[in-house]
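Summary of structural features
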Amino acid sequence: MKTTATAFAPASVGNVGIGFDILGHSIAGPGDHVSVRRIDADEVRITAIRGAAIPLPEDPRRNTAGAALIAMRAALGLRFGFEIEIDKGIAFGSGMGGSAASAVAAVVAANALLDAPLPPAALYPFALDGEAVASDSHHGDNVGPMLLGGLVLATADRLVPIPVPAQLHCALVHPQATLETRHARAALAGAYALREFVQQSANLALVLAGCHADDLELIRAGLSDVLVEPRRAPLISGYAAVKAAALEAGALGASISGAGPSLFAWCDGELAAQRCAQAMREAFARSGLDSESWVSPVAGPAAKVVA
């Protein structure tokens, strides 16, 4: 019987602008590794956390990976426990799904140690419980695409993979700054106009229709966040200039990745995404911020067990 496993969970773009808390896609490149060992003890414990720029909770109830495995044990009635080691590869407060990645990698690794492993979608509620420890909210826009790969519509109780045009690529740029999810969510408090909800719903529908129809012009027409972005943009230095640079470089649309401060741009092809990434980094530099970037198909990878 296998007693240890290591899983990798990729970074993600949450919200995709127009799909607050329900739409996201994975990114090829950065991610978290979590190693899990099956133990003869009625508990979940964390023995190591490496690669974190700030101290992360070692109490499993307050750590996204630990909380996810606590939820898994309770739901499945497991009579054994887990020991966890976490290797962070996603910066804290980056808007790239770092808290979700640890939870997802943990459940994927632990799943490989079960007597009867579950399909990836069945791990969704456990990873959601873990991610909620960091965000105070059960939202699956990061967890869903990490589990399944690609673009995913994540509701409270199901994951729906969304097909995307093969040439659709993402430029993701992370400035050397931190924006905690709780702080970014606090910026959304207040009243909203009904017309904003109508416009946001229309834009989400256009993007989803464009993905299903393989129509980049429908995607371009809808990829504009009128609801959340205006309230979070002031929290990100140089935001307007970076978004403008992406659009001038040919992006179909650009917005905040997750809670920020990372920004993403969807592009027609890998070369176009590389141009956008460079333009966005130059715009951040003009605002006094160093940054790093990744270019990935929107149909990015899923979490998986690795050697």
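Below, the structure is looked at part by part. Given the structure is predicted, the values throughout are model-derived calculations rather than measurements.

Re the packing of helix H2 (residues 98-111) against helix H3 (residues 124-135)
It is the contact of H2 with H3, at a shortest axis distance of 8 Å, that shows an interaxial angle of 150°. Taken together, the axes of H2 and H3 lie roughly antiparallel to each other. Classified by chirality, the crossing of H3 by H2 is right-handed. Judged by residue contacts, Ser99, Ala100, Ala103, Val104 and Val107 of H2 engage Phe126, Ala127, Gly130, Glu131 and Ala134 from H3. Residues belonging to the contact of H2 with H3 are distributed by class as follows: seven nonpolar, two polar and one charged.

A few points about the sheet that holds strand S10 (residues 291-297)
On the basis of which strands lie adjacent, the open sheet formed by four strands has the order S8-S9-S7-S10 and antiparallel pairing. Strand pairing shows two members of the sheet lacking a second neighbour, strand S8 (253-256) and S10, which therefore form its edges. Here the strands of the sheet are splayed against their neighbours by 20° on average, with no regard to which way each runs. Here strand S7 (residues 168-175) runs beside S10; their pairing, made up of seven bridges, is antiparallel. Across the sheet, residue Pro175 finds its bridge partner in S10, namely Ser291. Sitting on the sheet, helix H10 (residues 270-286) is in contact with S7, strand S9 (263-268) and S10, with an inclination near 20° to S7.

So, H2
Spanning 14 residues, H2 covers 20 Å between terminal C-alpha atoms, matching the ideal 20 Å at 1.5 Å per step. Summarising burial for H2: 13 of the 14 residues are buried, a large majority.

Some thoughts on a nonpolar patch on the surface
A cluster of nonpolar side chains, namely Leu194, Phe197 and Val198, defines an oily patch on the protein surface of about 320 Å² accessible area. Residue position: Val198 is located in helix H6 (residues 194-213).

Structural notes on the nonpolar core
Counting residues in each nonpolar core, the largest one holds 67 residues, and the members touching the most others are Leu69, Met72, Phe82, Val104, Val107, Leu151 and Trp266. Those residues in contact with Leu69 that sit more than four places away from it in its chain are Val36, Val44, Phe82, Ile84, Ala106, Val107 and Ala110. Ranked by size, the runner-up nonpolar core spans 26 residues in total, among them Ala184, Cys267, Ala279 and Leu289.

Definitions and limits used
Residues numbered from 1 in each chain as written. Predicted model: local features only at pLDDT ≥ 70, side-chain atom pairs only at ≥ 80, totals over all residues. Heavy atoms only, no water. Axes fitted to C-alpha atoms, helices over the stretch in contact; angles between N-to-C directions. Helix = DSSP H or I, 4+ residues; strand = E, 2+ residues; numbered from the N terminus. Parallel < 35°, antiparallel > 145°, perpendicular 65-115°, else oblique. Left-handed = near helix turned anticlockwise from the far one by under 90°. Contact = heavy atoms within 4.5 Å. Nonpolar A, V, L, I, M, F, W, Y, C, P; charged D, E, K, R; others polar. Pairing = 2+ DSSP bridges. Expected span 1.5 Å × (residues − 1). Buried < 20%, exposed > 50% of the residue type's maximum accessible area, 1.4 Å probe, protein only. Patch = residues over 30% accessible without salt bridge, like charges linked within 9 Å, V, L, I, M, F, W, Y side chains within 5 Å. Areas by Shrake-Rupley, 256 points an atom, 1.4 Å probe, with all protein chains shown as cover. Salt bridge = Lys/Arg side-chain N within 4 Å of Asp/Glu carboxyl O. Core = buried A, V, L, I, M, F, W, Y, C linked by side-chain atoms within 4.5 Å.

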